[in-house]
Amino acid sequence: MERIETYKENFVGYLNGKIGVKEPANLYEPIHYILEIGGKRLRPVLTLMTCDLFHGNVKNAYDAALAIEIFHNFTLVHDDIMDSAPIRRGHETVHKKWDINTGILSGDAMLIMAYQCFENYEEPVFKKLLKLFSKTSLEVCEGQQLDVDFESRTDVNIPEYIQMITYKTSVLVAAAMKMGAIIAKVDNAEAELIYDFGLNLGIAFQLQDDYLDTFGDEALFGKQIGGDIAENKKTFLYLKAIEVCGIDDKEKLMDFYDANAKNDNKIAKVTQIFNNNNIAEITIQEIERFTNKSFEILDKLSISNEKKAILKNFGISLMKRTI
């Protein structure tokens, strides 16, 4: 994990050197703000780590890592507007600190800035990176639309939910890793394997988020526990409960998730239904299933067992995280 922290520290230093405030300040200050308040930096770290593991020049991966991080934060700025969210990473969201129009425009600028990060790459690496980035960006938008559509649907099933989180969250994790492999100039088959590794790890990562939102430690998680329940989010926990619980609990859950219903102590009551039906344990099993699927792919990679162990330990650390 010390190695991961080194990637993160080096990337943050690179980001700080690249992203500054210029005129018009009202466009660039929000961009600097959202990037400065940080986060896990998971995706850029994966780009750097993958490039390194495949014997690439890590310095060549910084611009691709920066593109991934700027794009990820662009999606957060616009998602917060769509969700009317007041807080992000313990700070005011961009549209609350400034206004909605500023959030939209600064977000748009971030998307363009992300594409500009690829300008220093030459063919054929440039074409491969840009093609992957465009495909991934569109899939993230598709995932966000599915998430919005699910809010008004009562017939969402678990395969649909997995597809949604794959597009909204997992493809960016997978693309971050594949970009590192592309920059290291590995063959296409190897790059696809590392993409699939990241895809399954990304699904496990989002399921862990779902789990922590209800069963995490609020002091460690960094935000109010039960937010997904309060917002009627049809997460894996809710969908699995609907699938396995009895008629009485199912009816109660559906009543709680009625957008027009007002329920006192809703979070506590829904959590109790989850507990009655072993949803925490079932979710942990699903997280482990996708994590293990990613580990199975490691056997097919041509890198050394020592480097495979680095990727496996990283996956285990994500599965056991509390934030």
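Procedures and definitions
- Residues numbered from 1 in each chain as written.
- Predicted model: local features only at pLDDT ≥ 70, side-chain atom pairs only at ≥ 80, totals over all residues.
- Heavy atoms only, no water.
- Helix = DSSP H or I, 4+ residues; strand = E, 2+ residues; numbered from the N terminus.
- Expected span 1.5 Å × (residues − 1).
- Buried < 20%, exposed > 50% of the residue type's maximum accessible area, 1.4 Å probe, protein only.
- Contact = heavy atoms within 4.5 Å.
- Patch = residues over 30% accessible without salt bridge, like charges linked within 9 Å, V, L, I, M, F, W, Y side chains within 5 Å.
- Areas by Shrake-Rupley, 256 points an atom, 1.4 Å probe, with all protein chains shown as cover.
- Salt bridge = Lys/Arg side-chain N within 4 Å of Asp/Glu carboxyl O.
- Lys, Arg positive; Asp, Glu negative; His and termini not counted.
- Charge placed at Lys NZ, Arg CZ, Asp CG, Glu CD.
- Axes fitted to C-alpha atoms, helices over the stretch in contact; angles between N-to-C directions.
- Left-handed = near helix turned anticlockwise from the far one by under 90°.
- 1 Å grid on protein atoms, 1.4 Å probe; cavity = no way out; pocket = protein on both sides within 12 Å on 5 of 7 lines; lining within 4 Å.
- Points joined across faces, edges and corners; volume = space filled by probe spheres on them.
- Nonpolar A, V, L, I, M, F, W, Y, C, P; charged D, E, K, R; others polar.
- Phe/Tyr/Trp six-rings, centres within 6.5 Å; stacked < 30°, edge-to-face > 60°.

1. Topic: helix α7 (residues 125-151)
So, point 1. Taking 1.5 Å of rise per residue, 27 residues should cover 39 Å, and α7 covers 40 Å from first to last C-alpha, within 8% of that figure.
So, point 2. When α7 is considered as a whole, its buried residues turn out to be V125, L129, L132, F133, T136, S137, E139, V140, G143, Q144, D147 and F150.
So, point 3. On its buried face, α7 is in contact with α4 (62-83), α6 (100-116), α8 (158-183) and α9 (188-215).

2. A word on a negative patch on the surface
So, point 1. Taken together, D83, D149, E151 and E231 make up a surface patch of like negative charges.
So, point 2. Looking at where D83 falls in the secondary structure, it is placed in helix α4.

3. Regarding the packing of helix α1 (residues 2-18) against helix α3 (residues 42-53)
So, point 1. It is the contact of α1 with α3, at a shortest axis distance of 9 Å, that shows an interaxial angle of 115 degrees. Judged by the sense of rotation from one axis to the other, the crossing of α1 with α3 is right-handed. Note on element contacts: α3 touches α1 through P44, V45, L48, M49 and D52, opposite R3, I4, Y7, K8 and F11.

4. Points about the side chain of T136
So, point 1. Inspection of the secondary structure puts T136 in helix α7.
So, point 2. Setting aside anything within four residues of it in sequence, one finds T136 in contact with V171, L172 and A175.

5. What about empty space enclosed by the protein?
So, point 1. Scanning all chains against the criterion turns up 1 cavity of 30 Å³ or more.
So, point 2. Of the pockets and cavities examined, the largest cavity occupies roughly 40 Å³.
So, point 3. Looking at the largest cavity, the residues that line it are L201, A204, F205, Q208, I287, T291, G315, L318 and M319.
So, point 4. Looking at the lining of the largest cavity, the elements with two or more residues in it are α9, α15 (279-298) and α16 (305-319).
So, point 5. Sorting elements by how many residues they give to the lining of the largest cavity places α9 first, with 4 residues.
So, point 6. Broken down by class, the residue content of the lining of the largest cavity amounts to 6 nonpolar, 3 polar and no charged.

6. What about the packing of aromatic side chains?
So, point 1. Following the criterion strictly, the structure yields 8 aromatic pairs and no others.
So, point 2. Where F71 meets F133, the ring centres are 5.4 Å apart and the plane angle is 75 degrees; that geometry is what we call edge-to-face. One end of the pair, F71, is in helix α4; the other, F133, is in helix α7, and 62 residues separate them in sequence.
So, point 3. Since its relative accessible area comes to 1%, F71 is described here as buried.
So, point 4. Looking at F133, the relative accessible area reads 1%, which means it is buried.
So, point 5. An aromatic cluster of at least three residues, connected via ring pairs, comprises F71, F74, Y115, F118 and F133.

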